[in-house]
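# Results of the structural survey
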Amino acid sequence: MSESFPRLSARTRRFTLGVPRGFTISPDGGKVVFLRTKSGTDPVTCLWELDTETHVERLVVDPRTLDADDGDLPPEERARRERSREQAGGVVGYTADSTVSRAAFALSGSLYVTDLPGGDTRRLETPGAVIDPRISPDGQQIAYVSAGALRVQDLVTGADRALAEPESETVTYGLAEFIAAEEMDRMRGHWWSPSSDALLVERADEAPVHTWHIADPANPDRPPVAQRYPAAGTPNAVTQLFVLGLDGSRVAVPYEDEYLTTAAWSSHALSIVTMPRDQKRLRLYTVDPATGRSTLVRENTDPAWVDIVTGVPAHLDDGSLVWVASADGGNRLFVGDRAVTPPTLQVRAVLDVDHDSVLFSASGDPTEIQLWTWDGHSLLPVSTRSGVFSGRMSGGVGVLTEQSLDTEGVSTTVVRRDGMAIPIPSMAEPPGLDLRVSLGRSGRRELSTAVVLPSWHEQGSRKLPVLMDPYGGPHAQRVLNRRGGYLESQWFAEQGFAVIVADGRGTPGRGPAFERAVLNDLATPALEDQIDALQGVAEQYPNDLDLTKVAIRGWSFGGFLAALAVLRRPDVFHAAVAGAPVTDWRLYDTCYTERYLGHPDEQPDVYDNSSLFGDAAKLERPLLLIHGLADDNVVAAHTLRLSSALLAAGRQHSVLPLSGVTHMTPQEVVAENLLLLQVEFLKRSLGA
């Protein structure tokens, strides 16, 4: 198993291939359209349809029959996939019209449309490579972005025209800028009107954004790639909104705030949500599409920062606003002006609104994400077992996805109006691991903690070296009741470690106060909580943990935390593997960093205290730094500058540069060998 798991994990993209996703339910509930690869090792995503009356599943689009080559993606599409952490190929996204009769998608930069009832798929001629095609609600037009222009093609006449063209090479129409895609979960920049006669379109100008250059030292004949990167304290892209009519009209939609967090255009309202740069306010406006005039509807405020919640704004059939805001110590669902959830239930996202019912996810226990509905009168639980759930709802039909520690992989079920359940099979490969995971609370803060022991270990029989395996950063969570979150941790345990995964302050699911405890300090609370969890687990397992041999590993924020641990607390941590670590927060992006640390010109001491450079001379434990040289999110300069500081201080360390690798490390050979090399380094460093 120790030899086969790394290869299988790499080949299956961490066991995500073959899992159904991207669900669309027709308004009458008669069919469910979704994405899935044909097997757990097949990276080509296909488009499928399930008939909810006959239970028959049908392959609608197989990219292999269309002679599309994913190796020929336009740069903008590669960037979009990196922002969304998309690891598969093929039809990785699609949009459907309002009746779910037609779907549009892009393959290898080409535009395709498929008639879902008959399965007829055709390629449409376009003047250039296609990004983010979106079909109109009436199914007659497709809007898309090409070379920075927002274009529309008429499916009846074949006419293709630009509604807006970039005025310079730094301008795009219809695409989400870097910050929106990377930090706000907004992956789109254009929205159709319900009547299909106009679009709300974002114009983004990156001219103010500083240019960085990402070089490939392994191939010195290739020029560096220029990238506009808005580092903390530097200018962001300038964004604007316009309502563009198919009749050629153009109406500006002005707003004052720096960030456009989301937009929605329904039969009830054209809505936009904006946020100033300090992120202490979130403003919801309705917009008159004829004049561009905005009216303030709601405003969330917080002295630390406001949260962006996916799925809102939305409306019930009667026009009542569906919204999420922090109130009385909890993240609560509001319908109209009324909070309909208790403050003890932390609302995570609004997933769908079906007439007068709201489907949303929420946590009572932070290790669980459950589904609930508000039916206009009362709260009703949708999921009834322990685990992590998500779903969709339309036409009285629901799609329910479930993960838990008790079941393998992701199970997907369509629930009809009459209550009949229809499974959508997952083709994912089984990981072949015997999971031994215990969830609980540990330490004086009662932190959510998972303890992962080797399947062969008899509790109390011997003390094992310890591996802390956190992410640890704000707005992200590792300790959840689902098997898929612990596969790598279990594999490390099988190599002879007691593995601990702990969620400290800043992580979601426990309410606004717990999340905001990291304000102005991304280092101290995160590190303190890992130590707190370690000590708490050691008390619970006194004969199983060897605290003289404690290592820590992590990626991204987890990489920052791993390096931080051996630099500041070598008395506790004896070795670290830091993958793609943020080493100086001045080098990370505006929106994420300034949310927690403010502006670096206004609070330089806060940035210094959360930087690793000042601790370089303290290193006395083995440290392995790993970084992809093509990483455009946490750029390789983070690791290279820390390495230089360590060298200047005369501190021995190891650096593993990954040529051509981004933040995701999707390459099979790289992903496989990274696991093997980490185990070898940790065992050697700990003398285990």
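In this report, we go over the structure that sits alongside the text. Computed from a predicted structure; not experimentally measured.

Scoring rules and cut-offs
Residues numbered from 1 in each chain as written. Predicted model: local features only at pLDDT ≥ 70, side-chain atom pairs only at ≥ 80, totals over all residues. Heavy atoms only, no water. Helix = DSSP H or I, 4+ residues; strand = E, 2+ residues; numbered from the N terminus. Rg over C-alpha atoms; globule rule 2.2 N^0.38 Å. Buried < 20%, exposed > 50% of the residue type's maximum accessible area, 1.4 Å probe, protein only. Contact = heavy atoms within 4.5 Å. Areas by Shrake-Rupley, 256 points an atom, 1.4 Å probe, with all protein chains shown as cover. Pairing = 2+ DSSP bridges. Axes fitted to C-alpha atoms, helices over the stretch in contact; angles between N-to-C directions. Parallel < 35°, antiparallel > 145°, perpendicular 65-115°, else oblique. Left-handed = near helix turned anticlockwise from the far one by under 90°. Core = buried A, V, L, I, M, F, W, Y, C linked by side-chain atoms within 4.5 Å. Nonpolar A, V, L, I, M, F, W, Y, C, P; charged D, E, K, R; others polar. Phe/Tyr/Trp six-rings, centres within 6.5 Å; stacked < 30°, edge-to-face > 60°.

What follows covers the overall build of the protein chain. Along the protein chain, the regular secondary structure elements total 11 helices and 44 strands. The globule rule puts the C-alpha radius of gyration for 688 residues at 26 Å, and the 25 Å found for the protein chain is close to it. Taking the principal axes of the C-alpha coordinates as reference, the protein chain spans close to 70 × 55 × 55 Å. Among the 688 residues that make up the protein chain, the fraction classed as buried is 58%. Across the protein chain, contacts joining residues at least 24 apart in sequence account for 59% of those joining residues at least 6 apart. For the protein chain, the exposed area adds up to about 26,200 Å²; of that, 49% sits on carbon and sulfur atoms.

Another point: helix H1 (residues 4–11). Phe5, Pro6, Leu8, Ser9 and Ala10 are the residues of H1 that are buried. Residues of H1 that are buried sit in contact with helix H4 (487–494) and helix H11 (668–686). Arg13, located one to two residues past H1, shows a positive phi value of around 55 degrees.

Burial of strand S33 (residues 388–394) is extensive: five of the seven residues sit out of reach of the surface. For S33 and strand S34 (residues 397–403), the ladder comprises seven bridges, and the chain directions are antiparallel. Within S34, the residue paired with Ser394 across the bridge is Val397.

What follows covers helix H2 (residues 75–83). If you check which residues of H2 are buried, you get Glu77, Arg81, Glu82 and Arg83. Where H2 is buried, its residues meet strand S5 (89–90), strand S10 (131–135) and helix H3 (178–183). One or two positions beyond H2, positive phi appears at Arg85, with a value near 60 degrees.

With that out of the way, let us pick up the packing of H1 against H4. Where H1 contacts H4, the two axes come as close as 11 Å, and the packing angle between them is 165 degrees. Between H1 and H4, the angle falls in the class roughly antiparallel. By crossing handedness, the relation of H1 to H4 is classed as left-handed. Counting all contacts with H1, which are made through Phe5, Pro6 and Ser9, the residues of H4 involved are Leu487, Glu488 and Trp491.

Moving on: the nonpolar core. Residues Trp323, Leu333, Leu545, Phe573, Trp585 and Leu623 are the most contacted members of the largest nonpolar core, which totals 85 residues. It is helix H7 (residues 557–568) that contributes the most residues to this core, nine residues altogether. For Trp323, the contacting residues outside a window of four places in its chain are Val273, Leu282, Leu284, Arg298, Asn300, Val312, Pro313, Arg332, Leu333 and Phe334. Core analysis: the second largest hydrophobic core is formed by 32 residues, Leu435, Leu467, Val661 and Leu674 among them.

Strands sit in the order S6-S7-S8-S9 across an open sheet of four strands; the sheet is antiparallel. Where the open sheet ends on each side, the last strands, each with one partner, are strand S6 (95–96) and strand S9 (120–124).

Note the cis peptide between Val312 and Pro313, where omega equals 10 degrees. Secondary-structure assignment places Pro313 in the loop between strand S24 (294–301) and strand S25 (314–315). Within the chain, Arg13 stands out as a residue other than glycine whose phi angle is a positive 55 degrees. Looking at where Arg13 falls in the secondary structure, it is placed in the loop between H1 and strand S1 (21–25). With relative accessibility at 14%, the residue Arg13 sits in the buried group. One non-glycine residue, Ser196, lies in positive phi territory at about 65 degrees.

Between H4 and H11, the shortest axis-to-axis distance is 11 Å and the interhelical angle comes to 45 degrees. The angle between H4 and H11 places the two elements in the oblique class. Where H4 crosses over H11, the two elements pack in a sense that is right-handed. Two secondary-structure elements touch here, H4 through Glu488, Trp491 and Phe492 and H11 through Leu675, Leu676, Gln678, Val679 and Leu682. Classifying every residue of the contact of H4 with H11 by side-chain character gives six nonpolar, one polar and one charged.

Turning to the packing of aromatic side chains, a few remarks are in order. Across all of its chains, the model carries 16 aromatic pairs by this definition. Judged by centre distance (5.2 Å) and plane angle (80 degrees), the rings of Trp491 and Phe492 are edge-to-face. Each member of the pair, Trp491 together with Phe492, is buried. Note on Trp585 and Tyr592: the rings are 5.9 Å apart at their centroids and 15 degrees apart in plane angle, and the pair reads as stacked.

This brings us to the pairing of strand S21 (residues 259–265). Looking down a regular strand, the side chains alternate between one sheet face and the other. Counting buried residues in S21 gives five out of seven residues, a clear majority hidden from the surface. Both S21 and strand S22 (residues 270–275) contribute to a ladder of six bridges, which runs antiparallel. Bridge assignment links Tyr259 to a residue of S22, and that residue is Met275. In this antiparallel pair of consecutive strands, S21 and S22, the connection spans four residues.

Below, the discussion takes up the side chain of Arg151. Within the secondary structure layout, Arg151 lies in strand S12 (residues 149–154). Arg151 sits in the buried class, given a relative accessible area of 14%. Ignoring sequence-local partners within four residues, the contact set of Arg151 consists of Pro127, Ile142, Ala143, Tyr144, Ser146, Asp160, Arg161, Ala162 and Leu163.

Okay, the environment of Pro303 next. Mapped onto the fold, Pro303 is located in the loop between S24 and S25. Using a relative accessible area of 73% as the deciding quantity, one classes Pro303 as exposed. Each C-alpha atom, one on Pro303 and one on Asp278, is 9.8 Å from the other, the two residues being 25 residues apart in sequence.

Turning our attention to the sheet that holds strand S42 (residues 575–579). Read from one edge of the open sheet, eight strands run S37-S38-S40-S39-S41-S42-S43-S44, paired in mixed fashion. At either margin of the open sheet sits one strand with a lone partner, and together these are strand S37 (437–442) and strand S44 (654–658). The sheet shows a mean angle of 20 degrees between the axes of neighbouring strands, taken without regard to direction. Here S37 runs beside strand S38 (residues 447–452); their pairing, made up of six bridges, is antiparallel. Note on S38: the bridge partner recorded for Leu439 is Ala450.

As a further point, take the environment of Pro423. As for its placement among the helices and strands, Pro423 is situated in strand S36 (residues 421–424). Not counting the four nearest positions on each side in its chain, Pro423 is found in contact with Thr412 and Thr413.

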